[in-house]
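Observations on the model geometry
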Amino acid sequence: MSGATQNSEASVGNLARIESYQHLYVVIEHEEGVPVPVSLEMLGEARRLMDNFNVRYSSNEKVVAVVLGDNVRHLCQELIRFGADVVVYADNHSLKHYTNLLYTKIICQIAEDKNVARSISPNRSENYKKPRYMFFSADNTGRHLSSTVLAQLESGLASDINKLVISDLEIRHEHKTKGQPVKFEKTLEMYRPDFSGFLWTTILCLDNRNPAIAREYHPQSCSIIPGVFEPITKEDQRTGTIIDFEPQISGEDLRIKVLSRNIIKSTIDFESCKIIVSYGRGIRDSPEDNFKLIEQFAKALNAEIGISLPISKRPYQTKDQHLLSYMIPERVIGTSGRKVSPVVYIAIGISGAVQHLAGMKESGFVVVINPDSDAAFRDECDIFIKGRLEEVLPILTEQIKKHMLMIEKRA
Amino acid sequence: MERYDVAIVGGGTSGLTALRQLANLGKQAVLLEAGNTAGTKNISGGILYSKKPKNGRVYNIEDVFGREFIDDAPYERPITRYILHATSKDKLYSIDLTPVHEYQINYAYSVLLSKLIPWLAKEASDMSEKMGGGIISGVHMRSVRWEQGSSDIVIDTDELEPFRVKAVIAADGVNSELAEVTKARNKFSSEQLYQGVKVVIKLPETILEERFNVTSEEGAAHLFAGDVTMNHIGGGFLYTNRDTISLGAVYHMDSLMDNPVEPSRLMDTLIRNKLVAEFVKDRVPAKKSSQALISKDEEIRQHFMAVKLLKTWNNLRSEYYSRDGIKRLIESGKYGTKDEIGSRIAFLENELVEKYNYEFGDNYVELEYSTKLIPDGKRCRMKAPYYKNILFVGDAAGRGVFVGPRIEGLNVGIDDAVRAANAVARSLDRNNFDEQYLGNFYTKSVEESPYTRDMKEIDKDYLKIFLDCSKNIPKDIVGSRYGMIFKLMSSGTLRGIAVGFANMLGFDRLLPLVESVDTYVNVPVELADRLGKTIDSNYVPSTPSLQERIAKLDYNDDTFPHIQVTKPRSEFMQKMVSLCPTRCYSCENGDVILQHEGCIECGTCAYETLWRHPRGTKGVSYKYG
Amino acid sequence: MPVRPLNVGVIVKLEPDFSEGNVSYNPDGTLNRAETKNILGPHSAAATLAAFYCKVKYDAKVAIGTMGPPIANQALRQAQLISNADELHLYSDRIFAGADTLATAEVLRLGVSRMNKGLGADIVISGHRASDGETGQTGPQTAWKLSYPFIGNVIDFHIDQEGRSIYAKRFISLYGFYDVIEEIQAPLPVFISADPSYKPSFNTISERLSVARNLNEARNKADNFEKYLQVYNSEGLGADPRYVGLPGSPTIVYKVEKIPKAKAKRRVEFVDGNDTVQLDMVAKKLLQLMTEAPIK
């Protein structure tokens, strides 16, 4: 392509390129026809970014959701309500389960398909080559899928992103620009937290504008950490285009077979809830009654319930099946159980053994309710309520409900 | 189903000796070890003896493993001095028992099993692999069965497909599951057991040698009786290793049941004895509490830097206080002279004090806390240590010599293992695994062992040496009750008659008389008070809490508890709340409940629980042993 | 008829040792790479274990490759200790430096074709990802460039040698949903990534004895690991300079900055459980946190 070495020429080159790379494609993951949360989170962020983009560049580029599966037509309208302008779906029995090979091929087919581009944007598609941007989820499936799709599309990919900005950047880079300052428009700045948690690294995917190694790298793509971005509020009136894509599938592509699929864990969701309320042996004086208090408290806060390890051993004689269902190893927080990091962690009647602390120390804000102010937890919390749960919880629950009501009224 | 000639269950010193001896005899055997690798689940006091009894023979470690044992030296130090200290609240009276210790020995070495056992394992498996056998670690034997019409034993494990063998050697320790599943013997009761508790303490090599006044080829053992036992029958021990100390105590379980005290508290009491405190003292860094307000980031950075400096300081200092270490450092070219290393250490200390808010002072450094049950061979040895074609050895057979200051387990197990391996080899040659041919032969061989004699009767020569060592003790101290016996024993002729008479009565009837609070506590306390001297110590060691001790141990948690409480309200279980060395039991509304994650698999609670070892690779892994 | 021998390739990575006492941080909180020891990363170790499984179970030939500076041969030695590998490959060239995942995958693609005396590999195994900022993309991208189908997060597998296919179980975590285990069948050649939880299981005595034999052999080999080491530069691999290193990398690191909101050290505030006013403050605080938090 351009191979421009000077600013002015590079800008001219950009004008031509606008037509080659368009839109933000979001690869949707769903489970049996229900979108997994990160899919809607990606759509939300895509919506926000492209709304700004279109204002800023006076353009009309789209958020394009791509969804593959068996019998997924019904999903398309839902995706539009959550922010997609266009949904391209491929419906085929052989797409019932994800296999990397077949999914990669079909996603690439969609991304490079001129007819699809024409349906998305009838007047501006003649030079269309590939998407401008692409989003995948940074879970097991999306991580691999994004890698192979981008290997096929021969472009760059940043993984585990938790902040995104689109801007025009002047870049001077030994290879990319042969050391000359060059303006790159509509560049996606992809922020990824590094392993230590101390640093943000910003990754850019840039064309090589150095004539010696000139090459275009689009789409600019990334995988997005689940639970980071907020979905937009569902809008039932939103409309959009739905495109039924007929995938090209050869026998070779079907050589990977999913023989079986087993769900292995219950649906206790410590990952996506904001608040976790955990209880320990402090309930001992009256397990059934105290658990009721805890459950009401958790409900008021829309919190998931965790337990300390000793509770999973069912130390209390109780016939209350409901309580027993909350005394299972799957709910244990700690080294022998789950590691969690909610926004708020509330520990009720838990002394704070090292094993337990290891499971929750990454939590944002920690509240402890315990009559023993010397409990080990005192050094690992932000608020320590010294008191018996029997007395503290009813007051707290009531106050929360009261304030909640006020908030709702205001809204 | 796969077939092998012999299975050995348990990769401790006995099991590995059996494996090696079978290989020496050209026999194929596979050894199952539940730990991740051999030597991670084993605890010993520990002194390993090589013996030369006047009557009869015993098999010593070098008889099986050859000269390489001496050359490779997988032990700590030769123990060349053996001192008994009678203690009272603030005084101490010492008796040199070195002649007693040296009675009929070739040598005695202090050992740490994490070093000894991997060596034995390598030597045994190298040889065994040539015979098509070897060590299978991380595998827990679950049960054995005999199929109809065959004497072959089918072994079921938690990890492997079942396999078939012709004979089994049970070397699975004091809490033998083979004994349990075959009902070959009853579980040991508290009357038959001692509970041992030990900590390994760091002490740089040359500091240790100077303190105990030993050369690099010498070592000391110190025993403690009297006040330190908190009124229990038992006593403390301190053995010098290469650059660590094994400090521990052994208490009769009956005595603990009468007066339950947490093992870690007993340990603390021993450490706070002034002589012990002085013995283990070292220069130890500690973080001062900080007033300065610093950001979390800065705090983390400082923490990582300090940890790194401490690590360097520690390593450098260990090298500095060891002969080879200084040589190594100078040869590495990093340092020119010993003084240079010394000033580097001083520099690091200064950095830690100035920049990272550390201070250096007298304290001691505990590396590992452990416990083990010890079967008292006098009271619980299996009279016929076999069941069908399974032979029991060492602790599994309840065999150990435990007489006064004489505490021997490792060498007894080794002797048993050779006898068992010989018996099995003989059966393999004839393809005859009948009880008559195998079990009886082995029983006879074990009965012939001088160790068995020592579990049955008093050795009057041993007694004489003991009395000679303690001849300076005023006779009235031992009180009216024992004065007579003492007098009798002091005269050569009368001693002969007295011992003869005592042996006629048998150990069983003598023991309650000899092993009493009087002999173990009151006499030593009085001795120290009247004759002892005061020890000066200018610091009080800060003993770690039990939580800290547990936190230092490595666990591979098994989510599936290996112990089941069956009598949550029994008197025995109530006592376990105190006696479990890692406080796995607690009491809720009168019921004793278990939290097994901190369990170190000692078996103290086994008598009234459904007790199994954890599955393969699970549970605790000791670093010193 | 004897089955065709199985050739295995493993891709590993040298990583900083993040354990306390070994890791060093700069004053600004970034990793001090010069002061920090390097080790075979835990994810790479899982991949190496999977190769060891093939060694014990199928008597496979194993080659292990890594792209990196000469110091990376320590990772290879560690990997050989775990797997009893027959070949160790180091792909090392100045021009490979600065490569992103796509350019790295290009080098590894060429490397795999040199493995096992030029026969390549029937199975290539990589780790799930690396701990030091590597992205988990290299494996799948290498697979794609090799035209091998990719199966990620494998927790268990076995090979049907006569049928020349793999049966693998893969683990899928659907954040916010349940977790899933899929059983997959694919013909060889294939590329798998070992899940961090992967642990081979050997459940007969003869396999366990073979494990012991192999580990013994591995120790002996690793003592002279240079004998098994092959070092390739760009030319040796026949790499096109435009597709490796910086020129072959679509992405660049534009900037590195401190993440502003460092988590505050917890400073506990005590609240009297009998004081309704104070409890009301707590309730308000909880609601505030709940409604304001952008994350999750």
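All of these numbers come straight from a predicted model, not from anything done at the bench.

1. Here's the deal with the overall build of chain C
Each helix and strand in chain C was counted, giving seven helices and 13 strands. For chain C, the proportion of its 296 residues judged to be buried stands at 59%. Here the analysis covers contacts within chain C between residues at least 6 apart in sequence; of these, 71% occur between residues at least 24 apart. Approximately 12200 Å² of chain C is accessible, and the part contributed by carbon and sulfur atoms is 52%.

2. A word on the sheet that holds strand E11 (residues 220–224) of chain A
Residues and elements named next belong to chain A. With parallel pairing, seven strands are arranged side by side in an open sheet as E7-E11-E6-E1-E4-E5-E12. Lying at the two open borders of the sheet, with one neighbouring strand each, are strand E7 (157–161) and strand E12 (241–245). Geometrically, the sheet is characterised by an average inter-axis angle of 25° between neighbouring strands, direction not taken into account. Note that strand E1 (residues 21–27) and strand E6 (residues 130–137) share five bridges and pair parallel. Across the sheet, Tyr21 pairs through a bridge with Lys130, a residue of E6. In the packing of helix H3 (residues 73–81) onto the sheet, the strands contacted are strand E4 (63–69), strand E5 (86–91) and E12, and the crossing angle to E5 comes to about 165°.

3. Considerations on the domain arrangement of chain A
The domain architecture assigned to chain A consists of domain 1 (7–254) and domain 2 (275–410). Averaged C-alpha coordinates put domain 1 of chain A and domain 2 of chain A at centres separated by 41 Å.

4. Let's talk about the packing of helix H1 (residues 42–58) of chain C against helix H2 (residues 73–83) of chain C
Residues and elements named next belong to chain C. Two numbers describe how H1 lies on H2: the axes approach to 8 Å, and their chain directions differ by 40°. Relative to H2, the element H1 is oriented oblique. Judged by the sense of rotation from one axis to the other, the crossing of H1 with H2 is right-handed. Residue-level inspection shows Ala45, Thr48, Leu49, Phe52 and Lys55 of H1 in contact with H2, the latter providing Ala79, Ile82 and Ser83. Looking at the contact of H1 with H2 residue by residue, the class counts come to five nonpolar, two polar and one charged.

5. Considering the interface of chain C and chain A
Interface size is commonly expressed as the accessible surface area that is lost when the partners come together. In this complex, chain C contributes 86 residues to the contact, which on the side of chain A involves 109 residues. Buried area between chain C and chain A, both sides added, is near 8800 Å², and the carbon and sulfur share of it is 64%. The tally of links from chain C across to chain A stands at two salt bridges. Here Arg261 of chain A ties to Glu182 of chain C by a salt bridge, and the two come within 2.8 Å at their closest N and O atoms. At the boundary of chain C and chain A, one finds 28 residue pairs in polar contact (both at pLDDT 80 or more). Breaking the side of chain C that touches chain A down by element, the ones donating at least two residues are helix H4 (138–146), strand E7 (150–160), strand E8 (165–173), strand E9 (179–187), strand E12 (251–258), strand E13 (269–272) and helix H7 (276–292) of chain C.

6. Topic: the nonpolar core
Phe212, Phe224, Ile245, Leu247, Leu270, Met576 and Tyr585 of chain B are the most contacted members of the largest nonpolar core, which totals 60 residues. With five residues, helix H10 (residues 274–280) of chain B is the single largest residue contributor to this core. Filtering out sequence-adjacent residues up to four positions away, Leu247 of chain B remains in contact with Val197, Lys198, Val199, Ile201, Phe237, Leu238, Met267, Leu270, Ile271 and Val276 of chain B. Formed by 51 residues, the second largest nonpolar core is a distinct cluster that contains Val10, Tyr58, Ala60 and Trp144 of chain C.

What counts as what
Each chain carries its own residue numbering, running from 1 in the direction its sequence is written. Each chain gets a letter, beginning with A, and each ligand a number, beginning with 1, in the order they are written. It should be noted that, the model being predicted, local features are given only for residues of pLDDT at least 70 and side-chain atom pairs only at 80 or more, the latter also being counted only at that level, while totals for whole chains, interfaces and linings use all residues. Side-chain descriptors were evaluated using all non-hydrogen atoms of the structure, hydrogens and water having been removed beforehand. Helix numbering and strand numbering both begin at the N terminus, where a helix is a DSSP run of H or I of at least 4 residues and a strand a DSSP run of E of at least 2. Classification of residues uses two cut-offs on accessible area relative to the type maximum, computed with a 1.4 Å probe and protein chains only: under 20% is buried, over 50% is exposed, and between them is partly exposed. By definition in these notes, contact holds between two residues if any of their heavy atoms fall within 4.5 Å. Per-residue accessibility takes into account occlusion by the displayed protein chains alone, with areas from the Shrake-Rupley method and a 1.4 Å probe. When DSSP finds two or more bridges between two strands, those strands count as paired. In this analysis, axes come from line fits to C-alpha atoms, helices being fitted only over the stretch in contact, and the angle between any two N-to-C directions falls in the range 0 to 180 degrees. Delimitation of the domains relies on an automatic or database domain assignment. We call two directions roughly parallel when the angle between them is under 35 degrees, roughly antiparallel when it is over 145, roughly perpendicular when it lies between 65 and 115, and oblique otherwise. For any pair of crossing helices, the crossing counts as left-handed if the nearer helix is rotated counterclockwise from the farther one by less than a right angle, and right-handed if it is rotated clockwise. Each residue is assigned to one of three groups, with Ala, Val, Leu, Ile, Met, Phe, Trp, Tyr, Cys and Pro labelled nonpolar, Asp, Glu, Lys and Arg labelled charged, and all others, Gly among them, labelled polar. Buried area is understood as the total, over both parts, of accessible area removed when two parts are fitted together, assessed with a 1.4 Å probe. The rule for a salt bridge is simple: a side-chain nitrogen of Lys or Arg has to be within 4 Å of a carboxyl oxygen of Asp or Glu. Here a polar contact means two N or O atoms within 3.5 Å. Within protein one must be a hydrogen donor candidate and the other an acceptor candidate, and residues neighboring in sequence count only if both atoms are side-chain atoms. Among buried residues, those of type Ala, Val, Leu, Ile, Met, Phe, Trp, Tyr and Cys that are joined through side-chain atoms within 4.5 Å constitute a nonpolar core.

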